[in-house]
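What follows is each chain in one-letter form.
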Amino acid sequence: MKKNQNVVPKELIQGKKSSWLRSIIKSNKTLHRFFYKLLRCNRYVWILRNFWKDTDKLFSYISIETCPICNRKCSFCPISQDKTPKRLMTNELFDKIIRELKELDYRQEIILSLYGEPLLDKRLEKFTKKIKVELGSRVTFFTNGDFLTTKRFRKLVSAGVDLIVVTQHDPEPSETIKNLFSQISSAEWKYISYKTIKEDSQILTNRAELVKVSTLHPISCILSLVIVRADGSVPICCNDYYNEVNFGNVNQKKLINIWNSPFYRRIRNKLKRGIFNLAICKRCRGVLPSKKYEA
């Protein structure tokens, strides 16, 4: 294999062509940064994007962080700075979440990852099977791919995983990923989405200014997403690494009661209208200087 040769299969590239306008913007670094900064801080663009969304109805996505531990220390991720001990989500808490989702007749997407590397959790297949049996929901997760062997990949697919988003952090795909790509069948490509993550990429966020990145993604809060961290806490969003705005803990309260709490509903409705008056939201938009946290 020649150096710098693209090893990403055609199956993962097809259907991802950019529009002519996006191609022009992305080809010019100055224009690219200006455009994304404009979108990031433009309140009216945000309001138009979310005008028809009903933030009072049940969430459409749930991210369950079963593993807050990661084998990497990427500069664009808060884990690289955080030295506090991390623990896996307990089986009891996971079972409680799934039981409550079943009571709600929840059938929407479940993301089994957040900050950590989900493949470090050996229970991932077991959790996926439980979701499929109890809820029938679509199951996805994000991984750096360092532990995604062909054997593990097929075990996950057999358990019911619908999509594995693999993110490449190095200039070249790892040997594990190369081996995976060379061994899986054409019918198995539908279970993989492949992305390259770079510090100067437009897909990165500053995590409410906890990390520094070259080019910021426009504000992309998913108002219909609820997050449950490994300890059971429910933060405001995926950028709230230190649970600065914590709506409650699923160990003590029902998830639906947390989601429907007056404070949580009030915040969601304010965000929908482009009212970013929380300190963490202002830092995320680049309005306030970053808050320093002790690791």
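Heads up: the structure comes first, above all this text.
The sections below set out a description of the structure shown in this document. All residue numbers refer to position in the chain's written sequence, counted from 1. Side-chain atom pairs in this predicted model are given and counted only at pLDDT of 80 or more, local residue features only at pLDDT of at least 70, and totals for whole chains, interfaces and linings cover all residues. Note that the side-chain values use all heavy atoms of the structure and ignore hydrogens as well as water.

So, on to the side chain of Asn243. Only DSSP runs of H or I covering at least 4 residues are called helices, and only runs of E covering at least 2 are called strands; the numbering of each starts at the N terminus. Locating Asn243 in the fold gives a position in the loop between β7 (233-235) and β8 (246-249). Accessibility here uses a 1.4 Å probe with only protein chains present; expressed as a share of the type maximum, an area under 20% marks a residue as buried, one over 50% as exposed, and anything in between as partly exposed. Taking relative accessible area as the criterion, Asn243 reaches 19% and is therefore assigned buried. Within the structure, the side chain of Asn243 is placed 3.2 Å from the side chain of Arg229, a separation counted as a polar contact. Sequence-distant contacts of Asn243, that is, excluding residues within four places in its chain, are made with Arg229, Asp231, Ser233 and Pro235. Whenever a nitrogen or oxygen atom comes within 3.5 Å of another N or O atom, the pair is scored as a polar contact, on the condition that within protein one atom can donate a hydrogen and the other can accept it, and that pairs from neighbouring residues in sequence are kept only if both atoms are in side chains. Working rule for contacts: check all heavy atoms of both residues, and any pair within 4.5 Å makes them a contact.

Hydrogen bonds between backbone groups are what pair the strands of a sheet, and the pairing can be parallel or antiparallel. The pairing criterion for strands is at least two bridges between them, as found by DSSP. Within the open sheet, the six strands sit side by side as β5-β4-β3-β2-β1-β6. Their pairing is parallel. Bordering the open sheet on either side are β5 (192-196) and β6 (225-228), each of which pairs with just one other strand. Taking the axes of each pair of neighbouring strands and ignoring which way they run, one obtains an average angle of 20 degrees across the sheet. Across three bridges, the pairing between strand β1 (residues 61-64) and strand β2 (residues 109-111) is parallel. Across the sheet, the residue bridging to Ser63 is Ile111, located in β2. Interaxial angle, 0 to 180 degrees, is taken between N-to-C directions of lines fitted to C-alpha atoms, where a helix line uses only the stretch in contact.

Grouped together as the largest cluster of nonpolar side chains are 54 residues, with contacts concentrated most on Ile62, Leu101 and Leu112. Of all the elements, helix α4 (residues 91-103) adds the most residues to this core, at five residues. The contact partners of Leu112, leaving out residues within four places of it in the chain, are Ile64, Thr66, Phe94, Pro118, Leu124, Phe127, Thr128, Ile131, Val139, Thr140 and Phe141. Nine residue types can take part in a nonpolar core, namely buried Ala, Val, Leu, Ile, Met, Phe, Trp, Tyr and Cys, and a core is a set of them joined through side-chain atoms within 4.5 Å. With eleven residues, the next largest nonpolar core counts Cys74, Cys77, Tyr115 and Tyr241 among its residues.

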